[in-house]
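Structural characterization, general
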Amino acid sequence: QVQLVESGGGLVQAGGSLRLSCAASGRTFSSYAMGWFRQAPGKEREFVAAIAWSGGTTHYAYSVKGRFTISRDNAKNTVYLQMNSLKPEDTALYYCAAGNPVLFRLSVSYDYWGQGTQVTVSS
């Protein structure tokens, strides 16, 4: 069992940066791949980024590639999402997820979810 708690969201102007954190409980954190997803009002949840259990492989949505960076620290049971050059269209509730997905971009592939942290980007 893994419990996930996101933090680091907030209000930022376009072009600014935020770093999201997701702290996990449980000694098996390092065995899970981790993903970040987001959901804007009236829209479906969408994939943002994912990282393999070892941290050696990362995946990004086309819309954030080059602006966002996912990383993890298995010693701290934490995964991060560094978000730079933020745009108003990045505004959403951001969730982290844990699992062993066959398809990193597919939300149903993940077993555990946090409650989300709100990111709002003003123009």
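See the structure shown above.
Our subject in this report is the structure included herewith. (Residues numbered from 1 in each chain as written. Predicted model: local features only at pLDDT ≥ 70, side-chain atom pairs only at ≥ 80, totals over all residues. Heavy atoms only, no water.)

**A closer look at the state of the cysteines**
Summed over all chains, the structure comprises one disulfide. Each sulfur in the disulfide pair Cys-22 and Cys-96 lies 1.9 Å from the other. What sets the handedness of the Cys-22 and Cys-96 disulfide is the S-S torsion sign, and at about 45° it is right-handed. With a gap of 74 residues between them, Cys-22 in strand β3 (residues 18-25) and Cys-96 in strand β9 (residues 92-99) connect regions that are remote in the sequence. Assessed through its relative accessible area of 0%, Cys-22 is described here as buried. Its relative accessible area of 0% is what places Cys-96 among the buried residues. (Disulfide = S-S within 2.5 Å. Helix = DSSP H or I, 4+ residues; strand = E, 2+ residues; numbered from the N terminus. Buried < 20%, exposed > 50% of the residue type's maximum accessible area, 1.4 Å probe, protein only.)

**Things to note about the pairing of strand β5 (residues 46-51)**
β5 sits mainly inside the fold: five of its six residues count as buried. Here strand β4 (residues 33-39) pairs with β5 via five bridges, running antiparallel. Paired with Arg-38 across the two strands is Glu-46, which belongs to β5. The antiparallel pairing of β4 with β5 creates a hairpin that spans six residues between the two strands, and Gly-42 there sits at a positive phi of about 80°. Of the strand pairs in this sheet, β5 and strand β6 (residues 58-60) are connected by three bridges, and their pairing is antiparallel. If you follow Ala-50 over to β6, its bridge partner there is His-59. (Pairing = 2+ DSSP bridges.)

**Notes on a nonpolar patch on the surface**
On the surface, Val-102, Leu-103, Leu-106 and Val-108 cluster together into a nonpolar patch covering about 440 Å² of accessible area. Along the chain, the position of Val-108 falls in the loop between β9 and β10 (112-113). The class for Val-108 is exposed, based on a relative accessible area of 70%. (Patch = residues over 30% accessible without salt bridge, like charges linked within 9 Å, V, L, I, M, F, W, Y side chains within 5 Å. Areas by Shrake-Rupley, 256 points an atom, 1.4 Å probe, with all protein chains shown as cover. Salt bridge = Lys/Arg side-chain N within 4 Å of Asp/Glu carboxyl O.)

**Let's talk about the packing of aromatic side chains**
In this structure the tally under the stated criterion is six aromatic pairs. Taking 5.7 Å as the distance between ring centres and 75° as the angle between the ring planes, the aromatic pair formed by Phe-37 and Phe-47 counts as edge-to-face. On the criterion of sequence distance, the pair formed by Phe-37 in strand β4 and Phe-47 in strand β5 is long-range, its members being 10 residues apart. Each ring, one from Tyr-110 and one from Trp-113, has its centre 6.2 Å from the other, and the planes form 65°; the classification is edge-to-face. For Tyr-110, a relative accessible area of 5% puts it in the buried group. Note on Trp-113: relative accessible area 25%, which makes it partly exposed. Members of the aromatic cluster, each reached through a chain of ring pairs, are Phe-37, Phe-47, Tyr-95, Tyr-110 and Trp-113. A cation over a ring is seen here: Arg-45 above Tyr-95, with NZ or CZ 4.0 Å from the ring centre. (Phe/Tyr/Trp six-rings, centres within 6.5 Å; stacked < 30°, edge-to-face > 60°. Lys NZ or Arg CZ within 6 Å of the ring centre and 35° of its normal.)

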